[in-house]
Amino acid sequence: MPKYRVYAVVTATKYMGEFEAESKEEAEQMAWESDKAYVSVCHQCARNVDSPEIDRMEVEEIDGQD
């Protein structure tokens, strides 16, 4: 009988900050270029997670909110 390796793709969110921009696309680009565009996991999680990386950004407009 064949044997298989199975990997789980795990996703999470990370707050990148607030960016003043002309559009959502520009804000996303600013986030990608920021010094926060990385993923870090604790020592214990690092034993279970391989190659963590940011896959995509979610952008929401917050004008008028404090």
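Right above here is the structure, for reference.
Rules used throughout
- Residues numbered from 1 in each chain as written.
- Predicted model: local features only at pLDDT ≥ 70, side-chain atom pairs only at ≥ 80, totals over all residues.
- Heavy atoms only, no water.
- Phe/Tyr/Trp six-rings, centres within 6.5 Å; stacked < 30°, edge-to-face > 60°.
- Lys NZ or Arg CZ within 6 Å of the ring centre and 35° of its normal.
- Salt bridge = Lys/Arg side-chain N within 4 Å of Asp/Glu carboxyl O.
- Buried < 20%, exposed > 50% of the residue type's maximum accessible area, 1.4 Å probe, protein only.

Caption draft 1: Structural context of the packing of aromatic side chains. Inspection of every chain in the model, using the stated rule, returns zero aromatic pairs. Sitting above the plane of the Tyr38 ring, Lys14 keeps its charged end 3.7 Å from the centroid.

Caption draft 2: Broad picture of the pattern of salt bridges. Summed over the entire model, instances satisfying the criterion amount to two salt bridges. Close ionic contact of Arg56 with Asp55 constitutes a salt bridge, the shortest N to O distance being 3.5 Å. Accessibility expressed as a relative area gives 61% for Asp55, which makes it exposed. The salt bridge partner of Arg56 is Glu58, with a shortest N-O separation of 3.1 Å. Judged by its relative accessible area of 54%, Arg56 falls in the exposed class.

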